[in-house]
Amino acid sequence: MSTIDTKTSKKSIETSSIVQKKEKTEDALDNYTHKILVNLHPRILSFLAFIFPLSIGVIILIIFIMQGRWSNYLPTISETGTEYPNDSFFAISMGMGSFTTGFCLFAHALYVSHYCKTTKLVNIILFILASTSSLGIAGLGFFSIHLDHTHHFMFAFMGFVSILLFEFVSWKNNDKTSNEIQRTRIISLMFAVFGLFLFGGLDWYLSHRRNTTITACGEYILLYFMMYIIYTYHHELGSVNIYIVLL
């Protein structure tokens, strides 16, 4: 009997907290009654963050081929993002990608810090990783590989590794998501790390064309699975209301 009472009390506490949060949201929205509010659906945002980098890679690869620069090997996205107009398009796209990716990571970090049983240190780490990932992606675009090789790879390493570390830390400390989704995330994370290994961790002692092709394949594997994990964040962010206020 006491067990049933305990479960009932826990449910009532959770229900009351949800009601209180809804009331706070409604009170906050009342301050913008004379404004135009655009509700951003988290699933759309996470999908855009997932598909955007891959789309950019395909688009600039097509332009790369149309320019007659194809040399019988698959180039990396960084290589296709050189020379006009790809260099400008690549820089702008990476700037936009840093925003979409960073936004989803910050939103998920907020979710983990508010709804999961974590420590203050874990929350700080998540926000730091979300920040460094955005900075890394932005820097990756604005330091072209053929003009500043060192800074390009420095920012690429910062961005990719920060996202992977963020995904691992959030996976490790998320106790609210179903086991199925968590299993999907850790498997995707392992594939992403494998892609990173192919992308930047090996010297294959092969011809330049084969080395570059393997590196490019690793980059696409890394991007797909790394960003797919971000797409799965919509499962948690569905409970988060995101609005843009148009003045």
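Residues numbered from 1 in each chain as written. Predicted model: local features only at pLDDT ≥ 70, side-chain atom pairs only at ≥ 80, totals over all residues. Heavy atoms only, no water.

Per an unreviewed UniProt entry, the chain goes by CWH43-like N-terminal domain-containing protein and derives from Tritrichomonas foetus. Looking at the Subcellular location (unreviewed entry) heading of the UniProt record, one finds this comment for the chain: "Endomembrane system". (UniProt positions renumbered as here; feature names shortened; annotations may be inferred.)

A. Structural view of the packing of aromatic side chains. Counted under the stated rule, the structure contains 16 aromatic pairs. Between Phe 99 and Phe 103 the ring centres are 5.9 Å apart and the planes differ by 40 degrees, which places this aromatic pair in the tilted class. A residue pair is termed a helical-turn pair when its members lie 3 or 4 positions apart in one helix, as Phe 99 and Phe 103 do in helix α4 (residues 86-115) at 4 residues. Relative accessible area serves as the criterion here: at 57%, Phe 99 is assigned to the exposed category. (Phe/Tyr/Trp six-rings, centres within 6.5 Å; stacked < 30°, edge-to-face > 60°. Helix = DSSP H or I, 4+ residues; strand = E, 2+ residues; numbered from the N terminus. Buried < 20%, exposed > 50% of the residue type's maximum accessible area, 1.4 Å probe, protein only.)

B. Representation of the UniProt feature "transmembrane region" (unreviewed entry) in the chain in the model. Here, UniProt's "transmembrane region" (unreviewed entry) annotation points to residues 44-68, 88-112, 124-147, 153-174 and 186-206. The distance separating the terminal C-alpha atoms of residues 44-68 is 36 Å; by composition the span is 92% helix and 0% strand. Secondary structure over residues 153-174 splits into 95% helix and 0% strand, and the C-alpha atoms at its two ends are 31 Å apart.

C. Highlighting the nonpolar core. In this structure, Phe 160, Phe 166, Met 226 and Ile 230 are the most contacted members of the largest nonpolar core, which totals 43 residues. In this structure, Phe 166 is in contact with Leu 105, His 108, Ala 109, Leu 126, Leu 129, Ala 130 and Tyr 233, ignoring residues within four places of it in sequence. (Core = buried A, V, L, I, M, F, W, Y, C linked by side-chain atoms within 4.5 Å. Contact = heavy atoms within 4.5 Å.)

D. A look at the side chain of Thr 215. Inspection of the secondary structure puts Thr 215 in helix α8 (residues 208-231). One polar contact links the side chain of Thr 215 to the main-chain carbonyl oxygen of Asn 211, over a distance of 2.9 Å. Once residues within four sequence positions are removed from consideration, Thr 215 is found in contact with Thr 76, Leu 198 and Phe 199. (Polar contact = N/O pair within 3.5 Å; in protein donor to acceptor, adjacent residues only side chain to side chain.)

E. Quick look at the confidence of the model for the chain. Looking at the chain as a whole, its pLDDT mean stands at 79, while 77% of the residues score no less than 70. Within the chain, the lowest mean pLDDT, 48, falls on helix α1 (residues 2-30), and the highest, 92, falls on helix α7 (residues 179-200). Low pLDDT (under 50) marks residues 6-20, which in the prediction has 0 contacts with non-local residues, meaning those over four places away or in another chain. (pLDDT = per-residue confidence, 0-100.)

F. A look at the environment of Leu 45. Within the secondary structure, Leu 45 is located in helix α2 (residues 42-66). Overall, Leu 45 belongs to the buried group, its relative accessible area being 19%.

G. Seen up close, empty space enclosed by the protein. Within the structure shown, the criterion is met by 1 cavity of 30 Å³ or more. Computed from the structure, the largest cavity encloses a volume of approximately 170 Å³. Taken together, 17 residues line the largest cavity, and the ones lying closest to its centre are Pro 53, Met 94, Leu 140, Phe 160 and Leu 223. Mapped by element, the contributors of at least two residues to the lining of the largest cavity are α2, α3 (77-80), α4, α5 (120-142), α6 (149-173) and α8. Each residue belonging to the lining of the largest cavity can be placed in one class, and the counts come to 12 nonpolar, 4 polar and 1 charged. (1 Å grid on protein atoms, 1.4 Å probe; cavity = no way out; pocket = protein on both sides within 12 Å on 5 of 7 lines; lining within 4 Å. Points joined across faces, edges and corners; volume = space filled by probe spheres on them. Nonpolar A, V, L, I, M, F, W, Y, C, P; charged D, E, K, R; others polar.)

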